[in-house]
Amino acid sequence: MNKREVVTLAMRHRPVPYVPWQINLTLEAQRLLAGHFRTDDVDRALDNHLLQLGGFDDYFRPVGGDCVEDYFGVVWDRSQDRDIGIVRNQLLPEPTLRGYEFPDPLDGRFFAGLESRIAADGDRFRGFNLGFSLVERAWTLRGGMEDLLMDLYLHPEFVRDLLRAVADYNIAHMRQAVKYDIDCIHFGDDWGQQHGLIMGYPLWKEFFYPELKRMYAVGVEAGKFVSIHSCGDVDELFDDLLEIGLNSFNPFQPEVMEVHGLLQRYHGRLCFYGGVSTQRTLPYGKKADVAAEVEALLQAGADGGLIVSPAHAVESDVPLANLLTLIEVLQAQPGYGGGTK
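Residues numbered from 1 in each chain as written. Predicted model: local features only at pLDDT ≥ 70, side-chain atom pairs only at ≥ 80, totals over all residues. Heavy atoms only, no water.

A. Expanded view of the nonpolar core. Core analysis: the biggest nonpolar cluster contains 101 residues, and Ile-23, Trp-191, Trp-204, Tyr-216 and Phe-272 have the highest contact counts within it. Tallying contributions element by element places helix 7 (residues 156-177) first for this core, with 10 residues. Core analysis: the second largest hydrophobic core is formed by 9 residues, Met-11, Leu-50, Phe-125 and Phe-225 among them. (Core = buried A, V, L, I, M, F, W, Y, C linked by side-chain atoms within 4.5 Å. Buried < 20%, exposed > 50% of the residue type's maximum accessible area, 1.4 Å probe, protein only. Helix = DSSP H or I, 4+ residues; strand = E, 2+ residues; numbered from the N terminus.)

Dropping the structure here:
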């Protein structure tokens, strides 16, 4: 059974020969493991199970200093955060879409090489990533989260227009993506804080839920799995998201969620992707702590419904010994036949 088939079993809440995994890394952690394994192909050394397609990390252009501009025209300062950055411009300085032109959602650059990548890694589960898919794209265009949150109260019709325009762009983009042999559409957005939602449930339901429903429908109608990434304490939204077609939730942070209770409560309905602490255990725990946390997750995921992963991309504060322990415990599972030597 290949990795694609194992992940599909987990997504369908069926018993798995072993629990699949995915270890995503920041640039610093990537360099650390590249040096350890003596290869630039760290993804293959980890034997990750997800083939992550789409996304737009390759479509930034340098604009001076440590700043880059994305395909929407947003300028990101990466002098401190090398992976994402801080927004430095305001494309929508006023609460109106007048004067702003969205990029082409069917730009051939975004789909070039998809078929060759699938052919090269056909044994992995194919996820097409759509980062900054709604809330995040809206606030980056507005120049900051605070502006968008104020707009919810001061300019609600503008927010509706903005979210609908972002969703329209994404829908056109996804309709092209589902023509390829992918398994899942993975949306990226952040709605949560350490405790509760950034905007609160009533505003989330009024403004964001209708556009999420329209976007998820593209994957549902095409017979693809639908997955979402949202950091923070957002489990109050799970039932709403399930109603509109969600299949998988990431990053499943143990710092803000009762991981094992939610695995039991939603087994058969929602597959979780994540679960390993990146705020406590990986950076600050001992190797035994890492092993114990991962082994408990593997036991909980034996009947499907779980893809084990660090709750976020591994940061540079994680000791190599802890990262290697994570890898070793995952690859030591009975039933798993590959691995890093």
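Read on, since the account is not over.
B. Quick peek at the side chain of His-13. With respect to the secondary-structure elements, His-13 resides in the loop between helix 1 (3-11) and helix 2 (27-37). In terms of polar contacts, His-13 uses its side chain to reach the backbone amide nitrogen of Leu-270, at 3.5 Å. Every residue in contact with His-13, bar those within four places of it in the chain, is listed here: Tyr-266, His-267, Gly-268, Arg-269, Leu-270, Cys-271, Asp-303, Gly-304 and Gly-305. (Polar contact = N/O pair within 3.5 Å; in protein donor to acceptor, adjacent residues only side chain to side chain. Contact = heavy atoms within 4.5 Å.)

C. Inspection of the pattern of salt bridges at higher detail. For the structure shown, the criterion picks out 23 salt bridges. One salt bridge connects Arg-4 with Asp-183, and the closest N-O pair in it is separated by 2.8 Å. Here Arg-4 is found in helix 1, whereas its partner Asp-183 is found in the loop between helix 7 and strand 7 (184-188), with 179 residues between them in sequence. Judged by its relative accessible area of 11%, Asp-183 is buried. A salt bridge links Glu-206 to Arg-160; its shortest N-O distance comes to 2.5 Å. A residue pair is termed long-range when its members are at least 10 positions apart, and Glu-206 in helix 8 (residues 201-221) and Arg-160 in helix 7 qualify at 46 residues. What makes Arg-160 partly exposed here is its relative accessible area of 30%. (Salt bridge = Lys/Arg side-chain N within 4 Å of Asp/Glu carboxyl O.)

D. View of the sheet that holds strand 6 (residues 125-130). Here we have 7 strands laid out as an open sheet, ordered 1-6-7-8-9-10-11, and parallel in their pairing. The open sheet is flanked by strand 1 (50-54) and strand 11 (306-310), the only strands paired with a single partner. Each adjacent strand pair in this sheet contributes to an overall mean axis angle of 25 degrees, direction not counted. Here strand 8 (residues 225-229) pairs with strand 9 (residues 248-250) via 3 bridges, running parallel. In the sheet register, Ser-227 faces strand 9, and the bridge partner there is Ser-248. In the packing of helix 8 onto the sheet, contacts are made with strand 7 and strand 8, and the angle to strand 8 comes to roughly 145 degrees. (Pairing = 2+ DSSP bridges. Axes fitted to C-alpha atoms, helices over the stretch in contact; angles between N-to-C directions.)

E. Molecular detail of the sheet that holds strand 5 (residues 86-87). If you walk across this open sheet you meet the 4 strands as 2-3-4-5, and the pairing is antiparallel. Edge positions in the sheet fall to strand 2 (61-64) and strand 5, since each of these pairs with one other strand and no more. As paired elements, strand 2 and strand 3 (residues 67-69) share 3 bridges and run antiparallel to each other. Of the residues in strand 3, the one forming a bridge with Gly-64 is Cys-67.

F. Here's a closer look at helix 13 (residues 320-331). Here helix 13 contains 12 residues, and its C-alpha end-to-end distance of 16 Å stays within 8% of the 16 Å for a straight helix at 1.5 Å per residue. Judged by how many residues are buried, helix 13 sits mostly within the fold: 9 of 12 residues are covered. Of all the positions in helix 13, only Asn-322, Leu-323, Leu-324, Thr-325, Leu-326, Ile-327, Val-329, Leu-330 and Gln-331 are classed as buried. In this structure, the buried residues of helix 13 make contact with helix 2, helix 3 (42-46), strand 10 (271-276), helix 11 (281-284), helix 12 (287-300) and strand 11. (Expected span 1.5 Å × (residues − 1).)

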